[in-house]
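# Breakdown of the fold
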Amino acid sequence: MAALSQPQKSTYDVIVIGAGIQGSFTAYHLAQRHKDTLLLEQFLLPHSRGSSHGQSRIIRSAYPQEYYSRMMPDCFHRWQQLEAETGTTLYRQTGLVLLGPLGEPELEACRRNLGVDEVLDTTALARRFPGFRLPAGQVAVVDSTAGVLFAGRALQAVQEVFRRHGGTLRDGEKVLRIEPGATVTVTTTAGVYKAPRIIITAGAWTGAFVEQLGLRLPLQPLRIDVCYWREKQPGSAGLGSVSPCFLTLGLSQAPDGIYGLPSIEYPGLMKVCHHHGSPTDPEKRDQAPSSAPRPDITILSSFISSYLPGLETQPAVMETCLYTVYPTLSLHLHTLAPQNTPDEDFILDHHPKFSNIVIGAGFSGHGFKLAPVVGKLLCELSLGEEPSYSMAHFAITRFPGVLGDAQ
Ligand SMILES: Cc1cc2nc3c(=O)[nH]c(=O)nc-3n(C[C@H](O)[C@H](O)[C@H](O)COP(=O)(O)OP(=O)(O)OC[C@H]3O[C@@H](n4cnc5c(N)ncnc54)[C@H](O)[C@@H]3O)c2cc1C
(Lines give C-alpha, C1' and ligand atoms only; values in the text may rest on other atoms or scores of the structure.)
Protein backbone atom coordinates (compact mmCIF):
# COMPACT_ATOMS: atom_id res chain seq x y z
CA MET A 1 0.00 0.00 0.00
CA ALA A 2 1.41 3.32 -1.12
CA ALA A 3 0.19 5.19 1.96
CA LEU A 4 2.37 3.10 4.26
CA SER A 5 5.53 3.00 2.16
CA GLN A 6 5.80 6.64 1.10
CA PRO A 7 6.82 9.53 3.35
CA GLN A 8 4.14 12.00 4.41
CA LYS A 9 4.31 15.24 2.43
CA SER A 10 1.66 17.90 1.96
CA THR A 11 2.58 20.13 -1.01
CA TYR A 12 2.62 18.99 -4.63
CA ASP A 13 2.71 20.50 -8.13
CA VAL A 14 -0.55 18.78 -9.05
CA ILE A 15 -3.12 16.65 -7.21
CA VAL A 16 -5.28 14.19 -9.18
CA ILE A 17 -8.45 12.91 -7.49
CA GLY A 18 -9.59 9.39 -8.49
CA ALA A 19 -7.28 6.57 -9.58
CA GLY A 20 -9.41 4.92 -12.25
CA ILE A 21 -7.91 4.60 -15.72
CA GLN A 22 -8.42 8.31 -16.54
CA GLY A 23 -6.88 9.71 -13.35
CA SER A 24 -4.04 7.20 -13.44
CA PHE A 25 -3.09 8.08 -17.04
CA THR A 26 -3.37 11.79 -16.24
CA ALA A 27 -1.08 11.39 -13.24
CA TYR A 28 1.34 9.33 -15.35
CA HIS A 29 1.61 12.08 -18.01
CA LEU A 30 2.22 14.69 -15.30
CA ALA A 31 4.90 12.61 -13.60
CA GLN A 32 6.55 11.95 -16.96
CA ARG A 33 6.88 15.74 -17.30
CA HIS A 34 8.58 15.86 -13.90
CA LYS A 35 5.60 17.36 -12.10
CA ASP A 36 5.49 16.35 -8.46
CA THR A 37 2.10 14.61 -8.56
CA LEU A 38 -0.19 13.16 -5.89
CA LEU A 39 -2.86 10.69 -7.04
CA LEU A 40 -5.60 10.10 -4.45
CA GLU A 41 -8.00 7.14 -4.42
CA GLN A 42 -10.83 6.61 -1.92
CA PHE A 43 -10.66 2.78 -1.98
CA LEU A 44 -7.76 0.39 -1.42
CA LEU A 45 -6.40 -0.69 -4.79
CA PRO A 46 -7.25 -2.72 -6.73
CA HIS A 47 -11.01 -2.34 -6.26
CA SER A 48 -14.14 -3.17 -8.22
CA ARG A 49 -16.44 -0.29 -7.19
CA GLY A 50 -15.90 2.06 -10.15
CA SER A 51 -15.71 1.75 -13.94
CA SER A 52 -12.16 0.57 -14.67
CA HIS A 53 -12.13 -2.89 -13.06
CA GLY A 54 -12.60 -6.27 -14.72
CA GLN A 55 -10.28 -7.88 -17.21
CA SER A 56 -11.40 -6.72 -20.64
CA ARG A 57 -12.38 -3.67 -22.71
CA ILE A 58 -12.76 -3.31 -26.45
CA ILE A 59 -10.26 -1.14 -28.29
CA ARG A 60 -11.18 -0.20 -31.86
CA SER A 61 -10.33 2.37 -34.48
CA ALA A 62 -13.94 2.37 -35.70
CA TYR A 63 -15.82 5.43 -34.46
CA PRO A 64 -18.67 7.27 -36.14
CA GLN A 65 -17.22 10.54 -34.82
CA GLU A 66 -14.08 11.53 -36.69
CA TYR A 67 -12.67 13.36 -33.66
CA TYR A 68 -12.41 10.07 -31.73
CA SER A 69 -11.17 7.98 -34.65
CA ARG A 70 -8.42 10.57 -35.20
CA MET A 71 -7.17 9.95 -31.64
CA MET A 72 -6.98 6.19 -32.03
CA PRO A 73 -3.56 5.79 -33.71
CA ASP A 74 -2.07 7.81 -30.83
CA CYS A 75 -3.95 5.61 -28.32
CA PHE A 76 -2.75 2.35 -29.91
CA HIS A 77 0.80 3.68 -29.93
CA ARG A 78 0.66 4.73 -26.26
CA TRP A 79 -0.83 1.41 -25.15
CA GLN A 80 2.10 -0.30 -26.93
CA GLN A 81 4.51 2.04 -25.17
CA LEU A 82 3.00 1.09 -21.82
CA GLU A 83 3.38 -2.59 -22.71
CA ALA A 84 7.05 -2.00 -23.54
CA GLU A 85 7.68 0.11 -20.43
CA THR A 86 6.23 -2.52 -18.09
CA GLY A 87 7.04 -5.70 -20.02
CA THR A 88 3.35 -6.66 -19.77
CA THR A 89 0.94 -7.81 -22.48
CA LEU A 90 -2.04 -5.46 -22.35
CA TYR A 91 -3.66 -5.99 -25.75
CA ARG A 92 -4.80 -8.91 -27.89
CA GLN A 93 -5.72 -8.20 -31.50
CA THR A 94 -8.96 -10.01 -32.35
CA GLY A 95 -10.58 -7.72 -34.93
CA LEU A 96 -14.12 -6.39 -34.51
CA VAL A 97 -17.25 -6.64 -36.62
CA LEU A 98 -19.70 -3.76 -36.64
CA LEU A 99 -23.20 -5.06 -37.32
CA GLY A 100 -26.13 -2.98 -38.53
CA PRO A 101 -28.73 -2.33 -41.18
CA LEU A 102 -27.39 -1.64 -44.67
CA GLY A 103 -26.94 2.13 -45.05
CA GLU A 104 -27.21 2.82 -41.30
CA PRO A 105 -25.61 6.29 -40.88
CA GLU A 106 -23.37 5.43 -37.90
CA LEU A 107 -22.17 2.25 -39.58
CA GLU A 108 -21.43 4.18 -42.76
CA ALA A 109 -19.56 6.86 -40.78
CA CYS A 110 -17.44 4.16 -39.08
CA ARG A 111 -16.65 2.60 -42.45
CA ARG A 112 -15.65 5.99 -43.89
CA ASN A 113 -13.49 6.88 -40.88
CA LEU A 114 -11.84 3.44 -41.02
CA GLY A 115 -11.14 3.92 -44.71
CA VAL A 116 -12.47 0.46 -45.65
CA ASP A 117 -14.63 -0.27 -48.69
CA GLU A 118 -15.65 -3.82 -47.89
CA VAL A 119 -19.13 -4.51 -46.50
CA LEU A 120 -19.98 -8.14 -45.67
CA ASP A 121 -23.46 -9.47 -46.28
CA THR A 122 -25.00 -12.43 -44.41
CA THR A 123 -23.22 -15.08 -46.48
CA ALA A 124 -19.83 -13.36 -46.51
CA LEU A 125 -19.93 -12.83 -42.73
CA ALA A 126 -20.86 -16.49 -42.08
CA ARG A 127 -17.96 -17.59 -44.28
CA ARG A 128 -15.45 -15.37 -42.50
CA PHE A 129 -16.81 -15.65 -38.95
CA PRO A 130 -18.97 -18.79 -38.79
CA GLY A 131 -20.20 -18.08 -35.25
CA PHE A 132 -22.35 -15.15 -36.43
CA ARG A 133 -25.81 -15.24 -38.10
CA LEU A 134 -26.92 -11.98 -39.64
CA PRO A 135 -30.59 -11.35 -40.53
CA ALA A 136 -31.31 -10.35 -44.13
CA GLY A 137 -30.85 -6.61 -44.69
CA GLN A 138 -28.07 -6.34 -42.12
CA VAL A 139 -24.39 -6.07 -42.98
CA ALA A 140 -21.01 -6.12 -41.25
CA VAL A 141 -17.96 -3.87 -41.46
CA VAL A 142 -14.65 -5.24 -40.18
CA ASP A 143 -12.18 -3.23 -38.08
CA SER A 144 -9.09 -5.43 -38.19
CA THR A 145 -7.10 -3.14 -35.85
CA ALA A 146 -9.48 -3.81 -32.95
CA GLY A 147 -9.03 -6.13 -30.03
CA VAL A 148 -9.19 -6.55 -26.28
CA LEU A 149 -7.37 -4.49 -23.67
CA PHE A 150 -6.66 -6.36 -20.42
CA ALA A 151 -8.23 -3.68 -18.26
CA GLY A 152 -7.22 -4.60 -14.72
CA ARG A 153 -3.68 -5.36 -15.79
CA ALA A 154 -3.54 -2.07 -17.74
CA LEU A 155 -4.67 -0.06 -14.72
CA GLN A 156 -1.97 -1.60 -12.54
CA ALA A 157 0.63 -1.04 -15.27
CA VAL A 158 -0.07 2.66 -15.62
CA GLN A 159 -0.06 3.13 -11.83
CA GLU A 160 3.25 1.29 -11.67
CA VAL A 161 4.92 3.56 -14.27
CA PHE A 162 3.43 6.61 -12.55
CA ARG A 163 5.20 5.57 -9.36
CA ARG A 164 8.37 4.76 -11.27
CA HIS A 165 8.39 8.33 -12.60
CA GLY A 166 8.33 9.60 -9.01
CA GLY A 167 4.56 9.97 -8.53
CA THR A 168 2.84 9.43 -5.19
CA LEU A 169 -0.27 7.25 -5.06
CA ARG A 170 -2.31 7.22 -1.86
CA ASP A 171 -5.16 4.75 -1.83
CA GLY A 172 -7.75 4.19 0.88
CA GLU A 173 -7.91 7.97 1.23
CA LYS A 174 -11.15 9.70 0.29
CA VAL A 175 -11.18 13.38 -0.66
CA LEU A 176 -13.76 15.13 1.47
CA ARG A 177 -13.30 18.80 0.63
CA ILE A 178 -11.69 21.12 -1.88
CA GLU A 179 -11.01 24.77 -1.14
CA PRO A 180 -10.32 26.68 -4.37
CA GLY A 181 -7.76 29.49 -4.57
CA ALA A 182 -4.38 30.25 -6.13
CA THR A 183 -3.29 27.29 -4.02
CA VAL A 184 -6.01 24.64 -3.78
CA THR A 185 -6.43 22.87 -0.44
CA VAL A 186 -7.56 19.25 -0.57
CA THR A 187 -8.78 17.62 2.65
CA THR A 188 -8.99 13.83 2.79
CA THR A 189 -9.90 11.28 5.42
CA ALA A 190 -6.19 11.15 6.32
CA GLY A 191 -4.65 14.56 5.70
CA VAL A 192 -4.57 17.99 4.10
CA TYR A 193 -2.67 18.64 0.85
CA LYS A 194 -1.99 21.74 -1.21
CA ALA A 195 -1.21 22.30 -4.87
CA PRO A 196 -1.49 25.13 -7.40
CA ARG A 197 -3.46 22.79 -9.70
CA ILE A 198 -5.86 19.91 -9.23
CA ILE A 199 -7.58 17.52 -11.64
CA ILE A 200 -10.82 15.73 -10.77
CA THR A 201 -11.34 12.32 -12.39
CA ALA A 202 -13.77 10.79 -9.91
CA GLY A 203 -15.78 8.65 -12.35
CA ALA A 204 -19.41 8.08 -11.30
CA TRP A 205 -18.84 10.15 -8.14
CA THR A 206 -17.93 13.31 -10.11
CA GLY A 207 -21.41 14.85 -10.36
CA ALA A 208 -22.03 14.84 -6.60
CA PHE A 209 -18.40 15.66 -5.82
CA VAL A 210 -18.20 18.90 -7.87
CA GLU A 211 -21.37 20.31 -6.33
CA GLN A 212 -19.12 21.72 -3.55
CA LEU A 213 -17.46 23.77 -6.34
CA GLY A 214 -20.80 25.22 -7.44
CA LEU A 215 -21.06 22.98 -10.49
CA ARG A 216 -24.20 21.15 -11.56
CA LEU A 217 -23.11 18.67 -14.18
CA PRO A 218 -25.89 16.60 -15.73
CA LEU A 219 -24.05 13.35 -15.09
CA GLN A 220 -26.07 10.20 -14.45
CA PRO A 221 -24.34 7.04 -13.22
CA LEU A 222 -25.82 3.88 -14.70
CA ARG A 223 -25.52 0.38 -13.30
CA ILE A 224 -24.55 -1.97 -16.11
CA ASP A 225 -24.97 -5.74 -16.01
CA VAL A 226 -21.82 -7.38 -17.34
CA CYS A 227 -22.95 -10.78 -18.67
CA TYR A 228 -20.97 -13.84 -19.72
CA TRP A 229 -22.63 -16.54 -21.87
CA ARG A 230 -21.54 -20.16 -22.12
CA GLU A 231 -20.57 -21.70 -25.45
CA LYS A 232 -22.79 -24.72 -26.14
CA GLN A 233 -19.78 -26.62 -27.48
CA PRO A 234 -16.60 -25.00 -26.19
CA GLY A 235 -14.23 -23.88 -28.94
CA SER A 236 -16.54 -24.78 -31.80
CA ALA A 237 -18.51 -22.84 -34.40
CA GLY A 238 -16.13 -19.87 -34.69
CA LEU A 239 -17.01 -18.54 -31.26
CA GLY A 240 -15.13 -18.64 -27.98
CA SER A 241 -11.56 -17.38 -27.87
CA VAL A 242 -11.27 -17.18 -31.70
CA SER A 243 -14.28 -14.90 -32.09
CA PRO A 244 -13.74 -11.26 -33.03
CA CYS A 245 -15.26 -8.56 -30.83
CA PHE A 246 -18.52 -7.14 -32.16
CA LEU A 247 -20.74 -4.10 -31.79
CA THR A 248 -24.24 -3.45 -33.12
CA LEU A 249 -25.19 -0.01 -34.44
CA GLY A 250 -28.48 1.49 -35.53
CA LEU A 251 -30.38 3.80 -33.22
CA SER A 252 -33.79 3.40 -34.70
CA GLN A 253 -33.75 -0.37 -35.11
CA ALA A 254 -33.19 -2.91 -32.35
CA PRO A 255 -30.86 -4.37 -31.30
CA ASP A 256 -28.73 -1.26 -30.92
CA GLY A 257 -25.71 -1.00 -28.64
CA ILE A 258 -24.99 -4.66 -27.97
CA TYR A 259 -21.34 -5.58 -27.87
CA GLY A 260 -19.33 -8.73 -27.28
CA LEU A 261 -15.83 -9.99 -26.62
CA PRO A 262 -14.26 -13.43 -27.10
CA SER A 263 -13.98 -15.96 -24.25
CA ILE A 264 -10.87 -14.52 -22.65
CA GLU A 265 -11.78 -13.74 -19.05
CA TYR A 266 -13.55 -17.00 -18.21
CA PRO A 267 -12.86 -20.17 -20.25
CA GLY A 268 -15.79 -20.99 -22.51
CA LEU A 269 -17.76 -17.84 -21.61
CA MET A 270 -18.21 -14.98 -24.07
CA LYS A 271 -18.89 -11.51 -22.71
CA VAL A 272 -21.99 -10.02 -24.35
CA CYS A 273 -23.50 -6.85 -22.86
CA HIS A 274 -25.99 -4.10 -23.58
CA HIS A 275 -24.72 -0.53 -23.73
CA HIS A 276 -27.61 0.67 -21.55
CA GLY A 277 -28.32 0.34 -17.85
CA SER A 278 -30.40 1.53 -14.94
CA PRO A 279 -29.84 4.85 -13.15
CA THR A 280 -28.08 4.41 -9.83
CA ASP A 281 -26.11 6.17 -7.12
CA PRO A 282 -22.57 4.76 -6.84
CA GLU A 283 -23.02 4.63 -3.05
CA LYS A 284 -26.24 2.60 -3.35
CA ARG A 285 -25.69 0.36 -6.36
CA ASP A 286 -25.86 -2.83 -4.27
CA GLN A 287 -29.35 -1.98 -3.06
CA ALA A 288 -30.93 -2.89 -6.42
CA PRO A 289 -33.61 -5.47 -5.60
CA SER A 290 -32.68 -8.84 -7.06
CA SER A 291 -36.26 -9.42 -8.21
CA ALA A 292 -36.31 -6.24 -10.33
CA PRO A 293 -37.18 -6.87 -13.99
CA ARG A 294 -34.06 -7.15 -16.14
CA PRO A 295 -35.02 -5.86 -19.59
CA ASP A 296 -31.37 -5.90 -20.67
CA ILE A 297 -31.15 -9.68 -20.10
CA THR A 298 -34.29 -10.23 -22.17
CA ILE A 299 -32.83 -8.11 -24.99
CA LEU A 300 -29.50 -9.92 -24.80
CA SER A 301 -31.09 -13.41 -24.72
CA SER A 302 -33.15 -12.62 -27.78
CA PHE A 303 -30.11 -11.17 -29.59
CA ILE A 304 -28.01 -14.23 -28.79
CA SER A 305 -30.58 -16.72 -30.02
CA SER A 306 -30.74 -14.91 -33.39
CA TYR A 307 -27.16 -13.74 -33.93
CA LEU A 308 -24.97 -16.11 -31.88
CA PRO A 309 -26.74 -19.49 -31.90
CA GLY A 310 -23.63 -21.25 -30.54
CA LEU A 311 -24.17 -19.64 -27.12
CA GLU A 312 -26.61 -20.60 -24.39
CA THR A 313 -29.36 -18.01 -23.97
CA GLN A 314 -29.11 -17.42 -20.21
CA PRO A 315 -26.03 -15.72 -18.71
CA ALA A 316 -23.66 -18.01 -16.80
CA VAL A 317 -21.95 -15.17 -14.87
CA MET A 318 -23.17 -11.65 -14.11
CA GLU A 319 -21.13 -8.80 -12.67
CA THR A 320 -21.76 -5.05 -12.48
CA CYS A 321 -19.96 -1.91 -13.57
CA LEU A 322 -20.79 1.81 -13.69
CA TYR A 323 -21.24 4.10 -16.71
CA THR A 324 -21.51 7.86 -16.36
CA VAL A 325 -23.79 9.49 -18.97
CA TYR A 326 -25.79 12.69 -19.55
CA PRO A 327 -29.50 11.90 -19.15
CA THR A 328 -30.74 15.38 -19.97
CA LEU A 329 -29.00 15.82 -23.27
CA SER A 330 -29.53 12.26 -24.34
CA LEU A 331 -33.26 12.57 -23.69
CA HIS A 332 -33.36 15.93 -25.43
CA LEU A 333 -31.71 14.61 -28.57
CA HIS A 334 -33.83 11.50 -28.67
CA THR A 335 -36.98 13.56 -28.34
CA LEU A 336 -36.15 16.30 -30.80
CA ALA A 337 -34.04 14.49 -33.34
CA PRO A 338 -34.29 10.73 -33.05
CA GLN A 339 -31.91 10.24 -35.96
CA ASN A 340 -29.08 11.84 -34.02
CA THR A 341 -26.55 10.08 -31.82
CA PRO A 342 -27.02 11.03 -28.16
CA ASP A 343 -24.13 13.11 -26.81
CA GLU A 344 -21.72 10.54 -25.42
CA ASP A 345 -18.83 13.00 -25.51
CA PHE A 346 -16.54 13.46 -22.56
CA ILE A 347 -16.11 16.49 -20.32
CA LEU A 348 -12.46 17.59 -20.50
CA ASP A 349 -12.27 21.17 -19.36
CA HIS A 350 -11.34 23.75 -16.75
CA HIS A 351 -13.86 24.63 -14.08
CA PRO A 352 -15.55 27.72 -15.61
CA LYS A 353 -14.75 29.81 -12.53
CA PHE A 354 -11.58 28.22 -11.09
CA SER A 355 -9.21 27.72 -14.00
CA ASN A 356 -6.64 25.78 -11.95
CA ILE A 357 -9.24 23.03 -11.39
CA VAL A 358 -9.61 20.70 -14.37
CA ILE A 359 -12.35 18.08 -14.71
CA GLY A 360 -12.39 14.84 -16.73
CA ALA A 361 -15.76 13.06 -16.62
CA GLY A 362 -18.68 11.49 -18.48
CA PHE A 363 -16.76 8.71 -20.18
CA SER A 364 -20.09 7.11 -21.09
CA GLY A 365 -19.02 3.52 -21.45
CA HIS A 366 -16.38 4.05 -24.13
CA GLY A 367 -13.52 5.85 -22.42
CA PHE A 368 -11.08 3.08 -21.51
CA LYS A 369 -9.37 2.72 -24.90
CA LEU A 370 -8.97 6.51 -25.11
CA ALA A 371 -7.44 6.94 -21.65
CA PRO A 372 -3.83 7.45 -22.85
CA VAL A 373 -4.97 10.48 -24.90
CA VAL A 374 -7.52 11.67 -22.32
CA GLY A 375 -4.73 11.67 -19.72
CA LYS A 376 -2.48 13.62 -22.04
CA LEU A 377 -5.21 16.21 -22.73
CA LEU A 378 -6.06 16.66 -19.04
CA CYS A 379 -2.36 17.07 -18.28
CA GLU A 380 -1.98 19.68 -21.05
CA LEU A 381 -5.08 21.59 -19.89
CA SER A 382 -3.85 21.64 -16.34
CA LEU A 383 -0.39 22.90 -17.31
CA GLY A 384 -1.86 25.60 -19.55
CA GLU A 385 -0.46 24.07 -22.75
CA GLU A 386 -2.08 23.98 -26.17
CA PRO A 387 -4.08 20.69 -26.23
CA SER A 388 -2.90 18.11 -28.78
CA TYR A 389 -6.45 17.71 -30.16
CA SER A 390 -9.43 20.00 -30.70
CA MET A 391 -11.38 20.37 -27.46
CA ALA A 392 -14.52 21.67 -29.19
CA HIS A 393 -16.65 18.65 -28.27
CA PHE A 394 -15.56 18.38 -24.65
CA ALA A 395 -16.45 21.80 -23.20
CA ILE A 396 -18.18 21.87 -19.83
CA THR A 397 -20.30 24.86 -20.89
CA ARG A 398 -22.15 22.89 -23.58
CA PHE A 399 -24.57 22.01 -20.78
CA PRO A 400 -26.86 24.93 -19.90
CA GLY A 401 -26.88 25.98 -16.23
CA VAL A 402 -23.77 24.07 -15.15
CA LEU A 403 -22.51 26.98 -13.11
CA GLY A 404 -25.38 26.83 -10.66
CA ASP A 405 -24.35 28.66 -7.47
CA ALA A 406 -20.87 29.59 -8.71
CA GLN A 407 -22.14 32.32 -11.05
C1 LIG B 1 -19.52 -2.62 -18.33
C2 LIG B 1 -18.58 -1.63 -18.95
C3 LIG B 1 -18.03 -1.92 -20.19
C4 LIG B 1 -17.17 -1.02 -20.79
N5 LIG B 1 -16.61 -1.34 -21.98
C6 LIG B 1 -15.73 -0.51 -22.56
C7 LIG B 1 -15.07 -0.90 -23.75
O8 LIG B 1 -15.27 -2.00 -24.27
N9 LIG B 1 -14.16 -0.04 -24.28
C10 LIG B 1 -13.89 1.17 -23.71
O11 LIG B 1 -13.08 1.92 -24.26
N12 LIG B 1 -14.53 1.58 -22.58
C13 LIG B 1 -15.41 0.76 -22.00
N14 LIG B 1 -16.02 1.11 -20.82
C15 LIG B 1 -15.82 2.46 -20.27
C16 LIG B 1 -14.58 2.59 -19.41
O17 LIG B 1 -14.37 1.45 -18.65
C18 LIG B 1 -14.75 3.84 -18.56
O19 LIG B 1 -14.98 4.95 -19.44
C20 LIG B 1 -13.53 4.15 -17.71
O21 LIG B 1 -13.17 3.02 -16.95
C22 LIG B 1 -13.84 5.34 -16.80
O23 LIG B 1 -12.73 5.54 -15.97
P24 LIG B 1 -12.72 6.66 -14.84
O25 LIG B 1 -11.31 6.75 -14.40
O26 LIG B 1 -13.41 7.87 -15.34
O27 LIG B 1 -13.69 6.08 -13.70
P28 LIG B 1 -13.38 5.07 -12.49
O29 LIG B 1 -12.65 3.90 -12.97
O30 LIG B 1 -14.66 4.82 -11.78
O31 LIG B 1 -12.40 5.90 -11.57
C32 LIG B 1 -12.82 6.94 -10.73
C33 LIG B 1 -12.12 6.73 -9.41
O34 LIG B 1 -12.32 7.88 -8.60
C35 LIG B 1 -12.40 7.41 -7.26
N36 LIG B 1 -13.03 8.44 -6.44
C37 LIG B 1 -14.29 8.91 -6.56
N38 LIG B 1 -14.53 9.85 -5.62
C39 LIG B 1 -13.39 9.99 -4.91
C40 LIG B 1 -13.02 10.78 -3.77
N41 LIG B 1 -13.89 11.65 -3.20
N42 LIG B 1 -11.76 10.67 -3.28
C43 LIG B 1 -10.87 9.81 -3.85
N44 LIG B 1 -11.19 9.00 -4.90
C45 LIG B 1 -12.43 9.09 -5.42
C46 LIG B 1 -13.23 6.15 -7.39
O47 LIG B 1 -13.13 5.32 -6.27
C48 LIG B 1 -12.66 5.54 -8.66
O49 LIG B 1 -11.61 4.64 -8.38
C50 LIG B 1 -16.88 0.22 -20.18
C51 LIG B 1 -17.43 0.51 -18.92
C52 LIG B 1 -18.26 -0.41 -18.30
C53 LIG B 1 -18.84 -0.07 -16.98
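Summary of the structure given here. (Residues numbered from 1 in each chain as written. Predicted model: local features only at pLDDT ≥ 70, side-chain atom pairs only at ≥ 80, totals over all residues. Heavy atoms only, no water.)

Here we take up the site of the ligand. Looking at the ligand, there are 36 residues lining it, with E41, H47, S52, I58 and C321 nearest. Protein chains shield 97% of the accessible area of the ligand, which is 1000 Å² for the free molecule. Top element by residues in the shell around the ligand is strand β18 (residues 317-325). It accounts for three residues. In terms of residue class, the shell around the ligand is made up of 18 nonpolar, 13 polar and five charged. When residues of the shell around the ligand are assigned to domains, at least three map to each of domain 1 (2-52 + 152-219 + 342-406) and domain 2 (96-144 + 222-322). (Near = heavy atom within 4 Å. Areas by Shrake-Rupley, 256 points an atom, 1.4 Å probe, with all protein chains shown as cover. Helix = DSSP H or I, 4+ residues; strand = E, 2+ residues; numbered from the N terminus. Nonpolar A, V, L, I, M, F, W, Y, C, P; charged D, E, K, R; others polar. Domains from an automatic or database assignment.)

A word on empty space enclosed by the protein. Across all of its chains, the model carries two cavities of 30 Å³ or more by this definition. By volume, the second largest cavity is sized at about 30 Å³. Lining the second largest cavity, in full, are S56, Y228, L261, P262, I264, E265, Y266, L269 and K271. Listed by contribution, the elements that provide at least two residues to the lining of the second largest cavity are β15 (258-266) and β16 (269-274). Among the residues forming the lining of the second largest cavity, the class breakdown is six nonpolar, one polar and two charged. (1 Å grid on protein atoms, 1.4 Å probe; cavity = no way out; pocket = protein on both sides within 12 Å on 5 of 7 lines; lining within 4 Å. Points joined across faces, edges and corners; volume = space filled by probe spheres on them.)

Here we take up the environment of L381. Along the chain, L381 turns up in helix α11 (residues 371-383). We classify L381 as buried; its relative accessible area is 8%. (Buried < 20%, exposed > 50% of the residue type's maximum accessible area, 1.4 Å probe, protein only.)

Per the counting criterion, the structure on display carries 17 aromatic pairs. Residues F25 and W79 carry aromatic rings whose centres are separated by 5.2 Å and whose planes lie at 85° to one another, so their mutual orientation is edge-to-face. Taken together, the residues span a long stretch of sequence, with F25 in helix α2 (residues 21-32) and W79 in helix α4 (residues 72-86) at a distance of 54 residues. Of the two residues examined, F25 and W79, each falls in the buried class. For the ring pair Y67 and Y68, a centre distance of 4.9 Å and an interplane angle of 45° mean the geometry is tilted. The pair Y67 / Y68 is uniform in exposure class, with both members buried. Seen from the ring of Y12, K9 lies directly overhead, with NZ or CZ sitting 4.1 Å from the centre. Sitting above the plane of the Y63 ring, R60 keeps its charged end 4.3 Å from the centroid. (Phe/Tyr/Trp six-rings, centres within 6.5 Å; stacked < 30°, edge-to-face > 60°. Lys NZ or Arg CZ within 6 Å of the ring centre and 35° of its normal.)

For the rest of this paragraph, the subject is the environment of D171. Mapped onto the secondary structure, D171 falls in the loop between β8 (168-170) and β9 (175-179). The exposure class assigned to D171 is buried, which follows from its relative accessible area of 6%. Along the chain, D171 and L44 lie 127 residues apart, while their C-alpha atoms are 5.1 Å from each other. A polar contact is formed between the side chain of D171 and the backbone nitrogen of L45, at a distance of 3.0 Å. (Polar contact = N/O pair within 3.5 Å; in protein donor to acceptor, adjacent residues only side chain to side chain.)

Note that S301 resides in helix α9 (residues 295-307). The exposure class assigned to S301 is buried, which follows from its relative accessible area of 12%. Once residues lying within four places of it in the same chain are set aside, the contact partners of S301 are W229, T313 and Q314. (Contact = heavy atoms within 4.5 Å.)

Moving on, we come to the pairing of β9. When β9 meets strand β10 (residues 184-188), the two strands line up antiparallel, connected through four bridges. What sits directly across from R177, in β10, is T187. The turn joining β9 and β10, which pair antiparallel and follow one another in sequence, is formed by four residues; a positive phi near 155° is taken by G181. (Pairing = 2+ DSSP bridges.)

On to the nonpolar core, then. Counting residues in each nonpolar core, the largest one holds 48 residues, and the members touching the most others are W79, L348 and L370. Elements supplying a minimum of two residues to this core: β1 (14-17), α2, α3 (66-69), α4, α7 (151-164) and α11. Sorting elements by how many residues they give to this core places α11 first, with eight residues. Setting aside its immediate chain neighbours within four residues, W79 contacts I21, F25, I59, L90, L149, A154, F368, K369 and P372. Counting 32 residues, the second largest nonpolar core, distinct from the first, contains I15, I17, I198 and W205. (Core = buried A, V, L, I, M, F, W, Y, C linked by side-chain atoms within 4.5 Å.)

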